[in-house]
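# Coordinate analysis (summary)
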Amino acid sequence: MTGLSSAAAAAMIAACAASAHAQTAVGTLADRVTEARAADGTYISWREHVVDDEATGGVALRGSDGLVVADLDRDGFADIVSVHESDDQYDGVPEGHVRIAFGSADPDRWHLVTLAEGPEAGAAEDVAVGDLNGDGWLDVVAACELAHLIYLENPGPEDARSGAWRRLIPSITVDRGSFIRVFTADLDGDGRLEIVSPNKGAQDPRRARQEPRPISFFELTGDPLDDGAWAEHVLTEVPWPINSEPVDVDGDGDLDIVAGSVAEQRMMWFENRSRRGRFDFVEHPVGLLAAEPGGEAINVHAFNMDYADLNGDGRLDIVTFDTPPLVGRRLLWLEQPAEPAAAWRYRPIGSYAPDSIVGIAVADIDGDGDRDVMTGGYSLGARGSDTPTPDGALGRLAWFENRGADAGWVRHDFSRRQRGMFDKFVPRDMDADGDVDFVTTRGNSGRYDGVLWLEQVRSAEPRASFTGARNEDSPEVPLP
């Protein structure tokens with residue numbers, strides 16, 4: 001997709017407004033008959049499947065956040081590793097869960113295991129996998145907001161499903177504040193993975209404000225179970241770091257790091273110039289220019305992002321959302337400039353008002369060869385009860401269809417529940433039918449928190465936009 005002209009931008013806004021009007025004209029978003037269509041002419045709707053929640057797994061999961069999809073037991077089927085803060089409020093109690101749903105040939109049959117719980121998984125917020133000890137089996141590392149990293153070693157041939165996962169909370173990470181994200185990446189090309197993680201300082205966002213906190217990566221100089229093998233490298237310190245995601249921004253074959261500061265409402269990326277055994281990073285700002293002269297100012301801090309070359313210029317662009325003041329009301333993409341020192345242009349995709357975007361994933365949803373965007377909302381009301389607030393920010397699911405430079409983007413809403421925080425989406429064809437489904441977590445919903453997958457359903461005739469997995473759930477609420 002190329003940059004939008006003023007006329008094209010106006011057409012995009014009108015299309016999004018028309019789509020939003022059509023989707024609220026009759027009942028709830030879930031009940032509305034879908035108008036979304038795939039490239040082959042079939043209609044697109046969605047069906048929800050529960051992987052893990054309180055009713056399914058018998059564990060009172062709360063505050064479900066990060067997840068990754070990978071084959072941990074090497075049986076050829078996808079497994080899901082998820083983390084759950086296990087609270088409905090910022091109470092400072094170090095509880096949490098790290099869970100694995102081991103997959104099978106049937107995407108509705110899972111073997112559920114608790115990998116870590118209680119204080120060792122205190123307010124677990126994010127998770128990553130990687131072969132950290134070099135034995136050929138994927139290990140797990142989780143970022144806990146209260147207040148450390150935890151490494152869990154895959155027992156491998158001893159049976160990943162039922163064997164004991166040895167673990168270490170590295171002392172270098174203990175009582176450091178609040179680790180908010182975690183990734184694994186080989187940053188210097190030596191064949192060993194590093195662990196990349198920002199620390200926002202405190203779980204409660206009201207306390208994670210001005211004091212500079214580190215964006216770090218941890219080098220493993222030996223066995224990850226050896227506490228002395230963990231060495232920290234600080235990239236920078238900023239107030240309230242929110243992300244530090246390894247991605248090849250400049251297309252040179254190594255992994256750079258994209259990061260952001262909430263308190264400063266800014267993004268930056270660290271160009272990786274490392275060589276084997278020597279780490280070297282250069283910081284570049286992600287300064288922003290409006291797509292059109294005099295365009296509206298925005299705030300962006302890089303909480304959740306995805307990446308794609310949307311204008312076909314060979315450079316990777318960033319899909320994210322604005323942040324007034326914490327989570328987004330508008331989806332947008334940032335066009336990478338030719339030179340690292342130049343400003344990135346921000347280009348609108350569409351409005352999400354009155355709801356707030358938190359989760360995003362780029363994928364070709366409709367099968368037409370370009371990139372669309374799945375989004376999830378962040379309900380900002382009560383987390384433990386359903387209090388009617390139709391004009392407030394609720395738990396919404398919607399995807400934005402990319403119709404090209406001239407036609408812009410069209411938003412397809414398909415669910416809006418009173419409670420829900422859809423923090424992370426992983427695109428994957430779960431049922432092997434040739435289209436893209438999404439694995440996601442749901443938080444802010446009390447006993448409905450947990451792990452889900454959203455099945456993309458294609459039909460010759462239009463159907464209801466969304467079919468929930470439960471007979472009882474937080475109620476669907478129309479858009480105001």
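Everything here concerns the structure above.
Right, let's walk through the structure included here.

### Comments concerning the sheet that holds strand 9 (residues 167-168)
The sheet built from 4 strands is open, its strands ordered 6-7-8-9 with antiparallel pairing. Looking along the sheet, the strands with just one partner apiece sit at the ends: strand 6 (124-130) and strand 9. Relative to strand 9, strand 8 (residues 148-152) runs antiparallel, the two sharing 2 bridges. Paired with Tyr-151 across the bridge in strand 9 is Leu-168.

### A short note on the pattern of salt bridges
This model, assessed by the stated rule, comprises 32 salt bridges. For Arg-99, the salt bridge is made with Asp-52, and the minimal N-O distance between the two is 2.9 Å. Pair noted here: Arg-99 is in strand 4 (residues 97-102) and Asp-52 is in strand 1 (residues 43-53), with a separation of 47 residues, a long-range link. For the salt bridge of Asp-413 with Arg-411, the shortest nitrogen-to-oxygen distance reads 2.9 Å. For the pair formed by Asp-413 and Arg-411, the shared burial category is buried. Here the salt bridges do not stand alone but share partners, grouping Glu-48, Asp-53, Arg-417, Arg-442, Arg-470 and Asp-473 into one network.

### A short note on the environment of Asp-223
Mapped onto the elements of the fold, Asp-223 is located in the loop between strand 12 (212-220) and strand 13 (230-239). Taking relative accessible area as the criterion, Asp-223 reaches 40% and is therefore assigned partly exposed. A sequence separation of 91 residues divides Asp-223 from Leu-132, and the C-alpha atoms of the two residues are 8.4 Å apart. Setting aside anything within four residues of it in sequence, one finds Asp-223 in contact with Glu-153 and Ala-229. Polar contacts involving the side chain of Asp-223 include one to the main-chain amide nitrogen of Leu-225, which spans 2.9 Å.

### A short note on the pairing of strand 29 (residues 450-459)
Burial within strand 29 is extensive, with 9 of its 10 residues counted as buried. Pairing between strand 1 and strand 29: 10 bridges, direction antiparallel. In the sheet register, Ser-45 faces strand 29, and the bridge partner there is Val-457. The sheet contact formed by strand 28 (residues 437-442) and strand 29 spans 5 bridges and is antiparallel. The partner of Thr-441 across the bridge, within strand 29, is Val-451.

### Overview of the sheet that holds strand 30 (residues 466-467)
If you walk across this open sheet you meet the 5 strands as 27-28-29-1-30, and the pairing is mixed. The two strands at the open ends of the sheet, each matched to only one other strand, are strand 27 (425-428) and strand 30.

### Brief notes about the side chain of Arg-213
Positionally, Arg-213 belongs in strand 12. The class of Arg-213 is buried, set by a relative accessible area of 15%. Ignoring sequence-local partners within four residues, the contact set of Arg-213 consists of Arg-176, Gly-177, Asn-199, Lys-200, Gly-201, Thr-236, Glu-237, Val-238, Pro-239 and Pro-241.

About the criteria used
- Residues numbered from 1 in each chain as written.
- Predicted model: local features only at pLDDT ≥ 70, side-chain atom pairs only at ≥ 80, totals over all residues.
- Heavy atoms only, no water.
- Pairing = 2+ DSSP bridges.
- Helix = DSSP H or I, 4+ residues; strand = E, 2+ residues; numbered from the N terminus.
- Salt bridge = Lys/Arg side-chain N within 4 Å of Asp/Glu carboxyl O.
- Buried < 20%, exposed > 50% of the residue type's maximum accessible area, 1.4 Å probe, protein only.
- Contact = heavy atoms within 4.5 Å.
- Polar contact = N/O pair within 3.5 Å; in protein donor to acceptor, adjacent residues only side chain to side chain.

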